[in-house]
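Summary of the model geometry
Chain by chain, the residues run as shown.
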Amino acid sequence: SHWLLAWLSLELNTLSILPIMMKQPHPRMVEATTKYFIIQSTAAACILFASTLNAWQTGLWSIMHTNSMLPTTLITIAIMLKLGLAPAHLWYPEILQGTPLTTAMLISTWQKLAPLALLYMLHNTINTALLLTIAALSTIIGGWTGLNQTQTRKIMAFSSISHMGWLLIALNMDQKLTTLTMLTYLAATTAMFTTLSYTTTKTIHDTGTTWMLSPALTLMMMITLMSLGGLPPLTGFMPKLLIIKDLASINLLPIGALALTASLPSLFFYTRIAYMTMLTTPPTTTNMNLKWRFNTTTPPISTTPLIITCMMLPMTAALYNTT
């Protein structure tokens, strides 16, 4: 509840992942680590300046007493930077592209929890119109800019930007629904990155050869992609359905229609990956087992995130009522 401790925790969170990002001394990873450090440090400096300004105006360092317009706006900009929300999203795909798949998974999941915790505490003081504008921009940009990508890490980066937009829309209405949306996103993203890492799938072209390692795992990866897109039989449809229902109940259905329309491009490039994997044969594919490309030393992945991503839709009502 204290701004200085929150700032210190964010700094420790940033410094802790930097050695993980540059574990392998590759120039691309060093570049991504440097970019990540600069962006996160800039956002933390904004938070420190805004909290100092708020303490000067109110005499309190409590996060719950941040009511002035200027500190609140600065903190919102800083959280946008940390989460990679549009229009402050340009660093996010480039950094994910410069790191290994497991590190990219950490940046897309674990590293978002601390800024989201701050957003949870401040959502009552942040301007609702500002949050909805950022959410709409994130869903639109996350969908449209992912259309021309062929690298799986960049596709997952733009997918994350779009999902963060949906999460911001939920935050304006209900914290329980926001928690459910966040858990669904974390489960689906973890399952997808883990599968991509195990099959060493870095481009869409690589997906055509994953059948030779594990057809069942590849099928689960495609189902996870469809769940990320929000197709009705799968778990990813659950938070979108509940968000649209709540938007309709408070007469904000145009925002929901805009978010649904913006999610169609995301569903298109998910479907394109599934099509390239299951219904086409890349020119380099042969009948031999391509064991040289697969990370066979990796232990079998846990199926829990995959099951959650695919089969939790029937429990929608129970999860929504208990979250």
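Residues numbered from 1 in each chain as written. Predicted model: local features only at pLDDT ≥ 70, side-chain atom pairs only at ≥ 80, totals over all residues. Heavy atoms only, no water.

- As recorded in an unreviewed UniProt entry, the protein chain goes by NADH-ubiquinone oxidoreductase chain 2 and comes from Hemidactylus frenatus.
- Turning to the protein chain, the UniProt annotation filed under Catalytic activity (unreviewed entry) states: "a ubiquinone + NADH + 5 H(+)(in) = a ubiquinol + NAD(+) + 4 H(+)(out)". (UniProt positions renumbered as here; feature names shortened; annotations may be inferred.)

1. Concerning the overall build of the protein chain
- Regarding its fold elements, the protein chain presents 14 helices and zero strands.
- Counted from the first residue to the last, the protein chain has its helices and strands arranged as α-α-α-α-α-α-α-α-α-α-α-α-α-α.
- For the protein chain, the proportion of its 323 residues judged to be buried stands at 55%.
- Put simply, 79% of the contacts in the protein chain that link residues at least 6 apart link residues at least 24 apart.
- When the accessible area of the protein chain is evaluated, it comes to approximately 14100 Å², of which 72% is carbon and sulfur surface. (Helix = DSSP H or I, 4+ residues; strand = E, 2+ residues; numbered from the N terminus. Buried < 20%, exposed > 50% of the residue type's maximum accessible area, 1.4 Å probe, protein only. Contact = heavy atoms within 4.5 Å. Areas by Shrake-Rupley, 256 points an atom, 1.4 Å probe, with all protein chains shown as cover.)

2. Here we look at the confidence of the model for the protein chain
- Confidence in the prediction for the protein chain averages 82 pLDDT; 85% of positions are at 70 or higher.
- Residue range residues 285-289 is modelled with pLDDT below 50. Its contacts to residues more than four positions away, or to other chains, number six contacts. (pLDDT = per-residue confidence, 0-100.)

3. Notes on the UniProt feature "transmembrane region" (unreviewed entry) in the protein chain
- Listed under "transmembrane region" (unreviewed entry) in the UniProt record, and renumbered for this structure, are residues 34-56, 68-92, 129-148, 155-173, 179-199, 211-231 and 251-270.
- For the annotated span residues 68-92, helix accounts for 68% and strand for 0% of the residues, and the straight-line distance between the end C-alpha atoms is 29 Å.
- Helix makes up 95% of residues 179-199 and strand makes up 0%, while its end C-alpha atoms are separated by 30 Å.

4. A closer look at the packing of aromatic side chains
- Within this structure, the stated rule accounts for three aromatic pairs.
- Judged by centre distance (5.5 Å) and plane angle (75 degrees), the rings of W91 and Y92 are edge-to-face. Judged on exposure class, the residue W91 and its partner Y92 are both buried.
- Between the aromatic rings of F269 and Y270, the centroid separation amounts to 5.0 Å while the plane-to-plane angle is 70 degrees, which identifies the pairing as edge-to-face. Across the pair, Y270 and F269 agree in class, each one buried.
- An aromatic cluster is defined as three or more aromatic residues linked by ring pairs; in this entry it consists of Y36, W91 and Y92. (Phe/Tyr/Trp six-rings, centres within 6.5 Å; stacked < 30°, edge-to-face > 60°.)

5. Some remarks on the pattern of salt bridges
- Under the definition given, this model contains five salt bridges.
- Notably, a salt bridge pairs E94 with K154, separated by 3.2 Å at the nearest N-O pair. Here E94, found in helix 4 (residues 91-97), pairs with K154, found in helix 8 (residues 152-171); they are 60 residues apart in sequence, far enough to count as distant.
- For E94, a relative accessible area of 30% gives the class partly exposed. (Salt bridge = Lys/Arg side-chain N within 4 Å of Asp/Glu carboxyl O.)

6. Digging into unusual backbone geometry
- A86 connects to P87 through a cis peptide bond whose omega is 5 degrees.
- Along the polypeptide, P87 turns up in the loop between helix 3 (69-83) and helix 4.
- In this structure, N251 is a non-glycine residue whose phi angle is positive, near 60 degrees.
- Tracing the chain through its elements places N251 in the loop between helix 11 (237-249) and helix 12 (253-278).
- Residue N251 is classed as exposed on the basis of its relative accessible area of 70%.

7. Overview of the UniProt feature "signal peptide" (unreviewed entry) in the protein chain
- Under the local residue numbering, the UniProt record ascribes the feature "signal peptide" (unreviewed entry) to residues 1-16.
- Along residues 1-16, the helical share is 88% and the strand share 0%, with 22 Å between the first and last C-alpha atoms.

8. Some points on empty space enclosed by the protein
- Per the stated rule, a full pass over the model turns up four cavities of 30 Å³ or more.
- Considering only enclosed or pocket space, the largest cavity measures out at about 100 Å³ in volume.
- Lining the largest cavity we find H163, W166, T181, T184, Y185, A188, S227, L228, G236, P239 and K240.
- Broken down by secondary-structure element, the contributors of at least two residues to the lining of the largest cavity are helix 8, helix 9 (175-198), helix 10 (215-229) and helix 11.
- Split into classes, the residues belonging to the lining of the largest cavity amount to five nonpolar, five polar and one charged. (1 Å grid on protein atoms, 1.4 Å probe; cavity = no way out; pocket = protein on both sides within 12 Å on 5 of 7 lines; lining within 4 Å. Points joined across faces, edges and corners; volume = space filled by probe spheres on them. Nonpolar A, V, L, I, M, F, W, Y, C, P; charged D, E, K, R; others polar.)

9. Here's the deal with the nonpolar core
- In this structure, W3, Y36, Y92, I107, L118, L119 and L168 are the most contacted members of the largest nonpolar core, which totals 77 residues.
- For this core, the leading source of residues is helix 8, giving twelve residues.
- Each of two domains, domain 1 (1-126) and domain 2 (128-322), supplies a minimum of three residues to this core.
- Leaving out residues up to four positions away in the same chain, Y92 has contacts with I107, S108, K112, A157, S160, I161 and Y185. (Core = buried A, V, L, I, M, F, W, Y, C linked by side-chain atoms within 4.5 Å. Domains from an automatic or database assignment.)

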